[in-house]
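This is what each chain is made of:
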Amino acid sequence: MNELRDQFLIEGRELLEQVGEALPALRAAQPGPALLDRLFRAVHTLKGSVGLFPLAPMGLVLHAMEDRLDTLRAAPATPEVVLALQDAAACCEAWLEEFASEDGLPDGAAAEAAALAARLRPGPGPAGGTGAAPSAGQARAAGEAETAWLVPLAARHAAALAAAWAEGRRVMALRYRPDAGCFFLGEDPLALLRRLPGLLALELSPRLPWPEPAQLDPYACNLEILALTLEAPDALRQVFRFVADQCVLAEVPATAPGNETTGNETTGGETTGGETPGRETPGGRMPDARTPARPLRVEPARIEALAARLGALAVTGNALAPLVARAAALDPALGRDLAERQAAIGRLVAELDGMVAGLRRLPLSRSFRRLPALARETAARLGKEATLEMAGEALEADRAIVEGLYEPLLHLLRNALDHGIEPPAERQARGKPPAGRLRLAARRAGERLEISLSDDGAGLDPERLRAAARARGVAGAAAMDEAALHALLFTPGFSTAAGVSDISGRGVGMDAVRAAIAALGGHVALESRKGEGITVRLSLPQAAALRALLLLRAGGEELAVPVEAVAETLRLPAARILPLAGLPGEAAAFVLRGRTVPLLDLGALLGLPRRAEGAAVTRVLVTAGAQPVGLAVEAFGRRLDAPLRPLEGLMAGMPGLLGTALDDEGRVRMVLDLPELTR
Amino acid sequence: MTLRLDDDTLHLEGDCGSEEAEPLLSLLLERPSRGIALGRARTLHTALVQVLLALRPRLVEAPTDPFLRQWIAPVLEDGSSNGAPELIQSAPPARHEGL
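Just so it is clear, the structure is predicted and the values come from calculations on it, not from any experiment.

Draft legend 1. Here's a closer look at the interface of chain B and chain A. At the interface, 37 residues of chain B touch 38 residues of chain A. Summing the contributions of chain B and of chain A, the shared interface buries around 3100 Å²; its carbon and sulfur component is 67%. In this assembly, chain B and chain A are joined by one salt bridge. Salt-bridge contacts for D65(B) lead to R194(A); the nearest nitrogen and oxygen are separated by 3.2 Å. Taken together, the connections running from chain B to chain A amount to ten residue pairs in polar contact (both at pLDDT 80 or more). Those elements that place two or more of their residues in the side of chain B that touches chain A are helix 1 (21–30), strand 5 (41–44), helix 2 (46–55), helix 3 (66–77) and strand 7 (89–90) of chain B. In terms of residues, the side of chain B that touches chain A owes the most to one element, helix 2 of chain B, which gives eight residues. Looking at side-chain class alone, the side of chain B that touches chain A contains 22 nonpolar, nine polar and six charged residues.

Here is the structure:
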């Protein structure tokens, strides 16, 4: 049963995202109490759910964050404190992803948690330092105190436990301390216990001694509930999911009760938010879960499935076109009627597509927010200083785009820090501030999304690029202008980096960026001013659900290319094709509006059979871009709107291919990456 | 009404919600000697159980609902004073073959 775990991951990511977005605002001179409340609530809620999983170090860090945030109500945050909180949040995020993929935390997590907790602890001492890190032993002791109730509980019910173990059953222990105000929230703690058919033992006791009967407040819950049960941990978590922050779960180790119990996988550690029953926890317990207006949380996979079906529907709708044409040939009136209906279906599909695209939209911050911390870390590792400013991260785009952006942006960021930003001393010598400035900005440009990453580093040296191009035997390097030299950076294996570092690549970076962005339907451009820095611009579609494709045949294969990669299609009479003598192969060119354009055979480029020679007319596709190339094909087909599926398995990462699409007859077509093929 | 006073016995019947906690407490404070009849109670809200735990009235009719009978009634019958824990009840797993 993974539902709860999945839900926890979704929620955890959301909460950490909220925290990551809200933390920088703490630097403001007067952060409002609402901001602190929001941060506190997010951290507290996450801490509550973390206790249900074997993530004790994360619980410790969140607890420390919560305590630190609490102190900020009285005294404003220093930059060190904000930084410590940001590092802690980044660490929790990394752990969450580690848990998502590995089902556990890395080995050093406990020590790291202790160090982070120490940094977060208020009071004298180096706020940013690692001075008084508590030992792992201390952390463990804290964890044991949390389950100190377990041993006596097990001892009191030794007979029931022995019977369960004799049958080979696992026994879980639960301590549930309902919030004092829980009755007002409509909670009925014992009703939850009633839902456990495997209950072995139940204890009820007052958390504070009962007052005189006349003083009793019947609506303040003063109970602690201890239970032993045969329910599986996941089933228990499901039952107690809305009060997770009030529960501690642990497996009763199957030994003689009373033995020392060391930590085990489900000794979830701290989850109750302190021992004091009356402690104030604003909005402490997943308040969203009960609010009627709670947004519906849908798993991404379901949206994907919906989008896929819709894609199939669009394809099926496309398949009507040839039928309509056939019908019209037989009976023009019938053809017209059918064409009208087909157009109506097309409109509905387009509307639905827009709605599904809306469901798939995420803010860019989903990818952006992890970058500032990574920039800091990376810069520090390189002995440099840098800040990353962001703008426009609230813009939304298709989930595939937002998530697909992260890797290329990371590449670009590392490149900028490694090769762009100079070491502090060098910067000062050039009259720049010692800390490099990076700016990541997103804006809408018509239907597209433009994202730029600028640095104020050294920029590119055109002459060094030219020398590198010459050394690699790039044709025409001597005559290349700056733009052409910059474009070289995006070709595979081209790098001018003097040394290879562990931070950024061996000349694969920019090429990988171009390919990743192309797979998202975007393109990359670069501007550089020597000594002043580089700006890399990414232009992306905002939605990726359906792509406009041009169908064609080349080398005997039915293929497709994205329409935006095509400038025009031509029928070229044989007389206009100029064979280029003296060059190897069958190179040719033609003149298009006064410009000589090289002509290649698409089939041959793909390693497929060439098209038959000697046709009177050659069908040619001219690629879009600054340096157009003509590609001879055998035939053009129709335009088609179809979902582009990324390549998987063996095909993944195959150069020259963007993905596959289903055509109107339901056949799989390879979708070509023309810029990659023609450079 | 899920709370009924009948000849000095307080009957809790059906699904008894938290709204009965205040009247239940008042009626018990009024005459601590009143007994409690749970024979027709189907569910008891935790707030009611808490009032019964804190005031310990005499149980004159045991519940018939299995959960209440097995887990809640024993503590209400248990006359022990305020030493923690208040309620201890365990069952051998053999009773839970259905799990």
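Draft legend 2. The arrangement of the nonpolar core in detail. The biggest cluster of nonpolar side chains holds 100 residues, and the ones touching the most others in it are L26(A), M65(A), L193(A), F240(A), L24(B) and L44(B). A total of eleven residues in this core trace back to one element, the largest contributor, which is helix 4 (residues 79–102) of chain A. Among the domains, domain 1 (3–145) and domain 2 (150–277) of chain A are the pair contributing at least three residues each to this core. Apart from the residues within four sequence positions on either side, L44(B) is in contact with D188(A), R194(A), L12(B), C16(B), L38(B), V49(B), L52(B) and L68(B). If you look at the next biggest cluster of nonpolar residues, it comprises 47 residues, including F368(A), L410(A), L417(A) and L540(A).

Draft legend 3. Region of the structure containing the packing of helix 4 of chain A against helix 5 (residues 109–120) of chain A. Residues and elements named next belong to chain A. Contact pair helix 4 / helix 5: the axes reach a minimum separation of 9 Å and the direction vectors enclose 160 degrees. Our classification of the angle between helix 4 and helix 5 gives roughly antiparallel. Handedness of the helix 4/helix 5 crossing: left-handed. On helix 5, the residues that touch L83, A84, L85, D87, A88, C91 and W95 of helix 4 are A109, E112, A113, L116, R119 and L120. Classifying every residue of the contact of helix 4 with helix 5 by side-chain character gives ten nonpolar, no polar and three charged.

Draft legend 4. Local environment of the sheet that holds strand 12 (residues 547–554) of chain A. All names here are of chain A. Taken together, the five strands give an open sheet; going across it, the order is 20-12-13-22-21, and neighbouring strands pair in mixed fashion. Across the chains shown, the open sheet's two edge strands, defined by having one partner strand only, are strand 20 (635–642) and strand 21 (657–662). Adjacent strand axes in the sheet meet at a mean angle of 35 degrees, parallel and antiparallel pairs treated alike. Bridge analysis of strand 13 (residues 557–562) against strand 22 (residues 668–672) gives two bridges, and the strand direction is parallel. Looking at strand 22, one finds that L559 is bridged to M670. This element, helix 11 (residues 300–318), spans strand 20 and strand 21 of the sheet and lies at about 140 degrees to strand 20.

Draft legend 5. The environment of A515(A), seen in detail. Residue and element names in this part refer to chain A. Position of A515 relative to the elements: it lies in helix 20 (residues 509–519). The class for A515 is partly exposed, based on a relative accessible area of 31%. In this structure, the C-alpha to C-alpha distance between A515 and G656, residues 141 residues apart in sequence, is 8.9 Å.

Draft legend 6. Region of the structure containing the pairing of strand 10 (residues 523–529) of chain A. Residues and elements named next belong to chain A. Here strand 10 shows one buried face, formed by V524, L526 and S528, and one open face, formed by H523, A525, E527 and R529. Bridge analysis of strand 10 against strand 11 (residues 533–541) gives seven bridges, and the strand direction is antiparallel. Paired with R529 across the two strands is G533, which belongs to strand 11.

Draft legend 7. Here's a closer look at empty space enclosed by the protein. All names here are of chain B. Counted by the stated rule, this structure contains two cavities of 30 Å³ or more. A volume near 30 Å³ is recorded for the second largest cavity. For the second largest cavity, the full set of lining residues is I36, L52, P57, L59 and L76. The class makeup of the residues in the lining of the second largest cavity is five nonpolar, no polar and no charged.

Draft legend 8. Main features of the pattern of salt bridges. All names here are of chain A. Applying the stated criterion across every chain yields a total of 37 salt bridges over all chains. Between E203 and R156 there is a salt bridge, with the nearest N and O atoms lying 2.7 Å from each other. Separated by 47 residues along the polypeptide, E203 in strand 2 (residues 199–206) and R156 in helix 7 (residues 150–156) bring together distant segments of the chain. Take E203: its relative accessible area is 2%, and that puts it in the buried class. Residue E224 is joined to R177 by a salt bridge in which the shortest nitrogen-to-oxygen separation is 2.6 Å.

Draft legend 9. Summary view of the packing of aromatic side chains. Residues and elements named next belong to chain A. Applying the stated criterion to the full structure yields five aromatic pairs over all chains. A ring pair is formed by F8 and F99, whose centres lie 6.1 Å apart and whose planes are at 75 degrees; its orientation type is edge-to-face. Residue F8 is located in helix 1 (residues 3–22), and its partner F99 is located in helix 4; the two are separated by 91 residues in the primary sequence. Both residues of the pair, F8 and F99, count as buried. Among the aromatic side chains, those forming a connected cluster through ring pairs are F8, F53 and F99.

Draft legend 10. Looking closely at the sheet that holds strand 15 (residues 578–579) of chain A. Residue and element names in this part refer to chain A. Taken in spatial order, the six strands of this open sheet run 14-18-19-17-16-15, and their pairing is mixed. Each end of this open sheet is capped by a strand with a single partner; those strands are strand 14 (566–573) and strand 15. The pairing of strand 15 with strand 16 (residues 588–592) spans two bridges and is antiparallel. Paired with L578 across the two strands is A589, which belongs to strand 16.

What counts and what doesn't
Residues numbered from 1 in each chain as written. Chains lettered and ligands numbered in written order. Predicted model: local features only at pLDDT ≥ 70, side-chain atom pairs only at ≥ 80, totals over all residues. Heavy atoms only, no water. Contact = heavy atoms within 4.5 Å. Buried area = accessible area lost by both parts, 1.4 Å probe. Salt bridge = Lys/Arg side-chain N within 4 Å of Asp/Glu carboxyl O. Polar contact = N/O pair within 3.5 Å; in protein donor to acceptor, adjacent residues only side chain to side chain. Helix = DSSP H or I, 4+ residues; strand = E, 2+ residues; numbered from the N terminus. Nonpolar A, V, L, I, M, F, W, Y, C, P; charged D, E, K, R; others polar. Core = buried A, V, L, I, M, F, W, Y, C linked by side-chain atoms within 4.5 Å. Buried < 20%, exposed > 50% of the residue type's maximum accessible area, 1.4 Å probe, protein only. Domains from an automatic or database assignment. Axes fitted to C-alpha atoms, helices over the stretch in contact; angles between N-to-C directions. Parallel < 35°, antiparallel > 145°, perpendicular 65-115°, else oblique. Left-handed = near helix turned anticlockwise from the far one by under 90°. Pairing = 2+ DSSP bridges. 1 Å grid on protein atoms, 1.4 Å probe; cavity = no way out; pocket = protein on both sides within 12 Å on 5 of 7 lines; lining within 4 Å. Points joined across faces, edges and corners; volume = space filled by probe spheres on them. Phe/Tyr/Trp six-rings, centres within 6.5 Å; stacked < 30°, edge-to-face > 60°.

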